[in-house]
Amino acid sequence: METFNAANEIQDLQYFGEFGGVNPSISDSSTYTFLSAKTMFDTFEGNADGCYLYSRHSSPMNLYLSQALAKMENTEAANVTASGMGAITSVLMEVCKAGDHIISSRTIYGGTYAFLKNFFPSFNINTTFVDISNFESIENSIQPNTKVIYCETVSNPLLEVADLKKLSEICKKYNIKLIVDNTFSPLSVSPQLLGADIVIHSLTKFINGSSDTVGGVYCGTQEFINDTKNVNTGACMLLGPTMDSMRSASILKNLRTLHIRMKQHSYNAMYLAERFENNGLKVSYPGLKSHKDHELMKSMMNEEYGFGGLLTLDAGTTEKANDLMELMQQENLGYLAVSLGFYKTLFSCSGSSTSSEIPEEERAAMGISDGLIRFSIGLDHDIERTYQKMKECMKKVGILNHETISIY
Ligand code: PLP
């Protein structure tokens, strides 16, 4: 039997445009006409397959992109949203009601953390943050009203890997939903195969890969997706984080090269991580044997796509990290910018940017040090050249000793 390969699933989809175009035609409309009033009524009631009512609910292009992403994540259905946060908040608002409780990994994207910590409690939905590798503490945190265990497959920014199989066993035992943000590891990890109930992505990152739009998606059962789009009660329908059709058309086109891009991001990141480590730098990358979750990641991933494009480097202090990032940008080695998955390398100091929502003491307890730089390694053609230039920058700012002898 052929084993599941997410890239094959995407490739096997065939769409034609309205006039036989090789890309599906974009429906540039927010509303749709009906030949009969009865069909309009039936569509409202959700009983008129193939009919469109209003683009906040559904549009042809959004359905195409959603279908491709559902194939990629091996779920029955999916729904694209205007941002990753639009997907995360819609899913959590759909699953949790006032009085419910969530268990979340403490190392997650700062925006998700802020939503759970600062925003949800006013709806009387509270979250316990845990070390996602400590199963005993997770089980001890479960309450009768716990509805969700939430985590990222590979966490932002610490690159800790969640043991999805083990977490899904716990969830099944207590009838809890496992919701996984797979933004850092598209194609390489398929959370649904490991037991996740709902898989989320910020499309803004690797999946779109052009840093020209924000977008999101959640993937799950057809029933769950329908519930979120219900005109009377659906969180996504009523909160309204709708992706624009033009944007979903461009993301669908970029999705087709994701498998090639992921291999190159991973190859380049592995290349740099190995060399930085040999230079005695404090580097963290799941592909390195020294990474605490290396074996776990290997057991969960499709090795073809590698260990991903993200690595972190501890420059020691914020000042040194800033000096290095500014110099690397001057030397055209990448951009001092948040986000990830672009063709150019992007770097930012997590503590003062994407994780700044997390209070300082909590960041320290998690291991997000002040000098921690998160690198999203680009698609550089000649990564040895990049490495040599980065090494020179590191020597100049005093992170790398001039006398360091390297085997490379
Ligand atoms: N999930 C992860 C892991 C992220 O890194 C981000 C953004 O950085 C998000 C979700 C939020 O996505 P968006 O910015 O598209 O709303």
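Residues numbered from 1 in each chain as written. Predicted model: local features only at pLDDT ≥ 70, side-chain atom pairs only at ≥ 80, totals over all residues. Heavy atoms only, no water.

As annotated in an unreviewed UniProt entry, the chain is Methionine-gamma-lyase from Chryseobacterium defluvii. You can read under Sequence similarities (unreviewed entry) in the UniProt record for the chain the words "Belongs to the trans-sulfuration enzymes family." Under the heading Cofactor (unreviewed entry), UniProt records this for the chain: "pyridoxal 5'-phosphate". (UniProt positions renumbered as here; feature names shortened; annotations may be inferred.)

A word on the overall build of the chain. Along the chain, the regular secondary structure elements total 15 helices and 12 strands. In summary, the chain has a C-alpha radius of gyration of 22 Å against a globular reference of 22 Å for 408 residues, a match within 12%. The principal-axis extent of the C-alpha atoms belonging to the chain is close to 80 × 55 × 45 Å. The 408 residues of the chain split such that 55% are buried. Summing over all exposed atoms, the chain offers an accessible surface of approximately 18000 Å²; the carbon and sulfur share of this is 50%. Of the charged side chains in the chain, 33 are positive and 46 negative, and the gap between their average positions amounts to 2 Å. (Helix = DSSP H or I, 4+ residues; strand = E, 2+ residues; numbered from the N terminus. Rg over C-alpha atoms; globule rule 2.2 N^0.38 Å. Buried < 20%, exposed > 50% of the residue type's maximum accessible area, 1.4 Å probe, protein only. Areas by Shrake-Rupley, 256 points an atom, 1.4 Å probe, with all protein chains shown as cover. Lys, Arg positive; Asp, Glu negative; His and termini not counted. Charge placed at Lys NZ, Arg CZ, Asp CG, Glu CD.)

Taken together, 14 residues lie near the ligand, and Met 85, Asp 181, Ser 202, Thr 204 and Lys 205 sit nearest. In the environment of the ligand, a nitrogen atom lies 2.6 Å from a nitrogen or oxygen atom belonging to the side chain of Asp 181. Within the side chain of Ser 202, an N or O atom sits 2.8 Å from an oxygen atom of the ligand. Compared with its free state, where it exposes 390 Å², the ligand has 91% of that area covered by protein. By residue number, the principal contributor to the shell around the ligand is helix H4 (residues 84–95), which donates three residues. Taken together, the residues that form the shell around the ligand break down as four nonpolar, seven polar and three charged. (Near = heavy atom within 4 Å. Polar contact = N/O pair within 3.5 Å; in protein donor to acceptor, adjacent residues only side chain to side chain. Nonpolar A, V, L, I, M, F, W, Y, C, P; charged D, E, K, R; others polar.)

Attention now moves to the pairing of strand S6 (residues 198–202). Most of S6 sits inside the fold, with five of its five residues counted as buried. Burial along S6 is two-sided: Ile 198, Ile 200 and Ser 202 and Val 199 and His 201, pointing in opposite directions, are all buried. In the sheet, strand S5 (residues 177–181) pairs with S6 via three bridges, with the strands oriented parallel. Bridged to Val 180 within S6 is Val 199. When S6 meets strand S7 (residues 216–220), the two strands line up antiparallel, connected through four bridges. Pairing of Ile 200 across the sheet is with Tyr 218, part of S7. (Pairing = 2+ DSSP bridges.)

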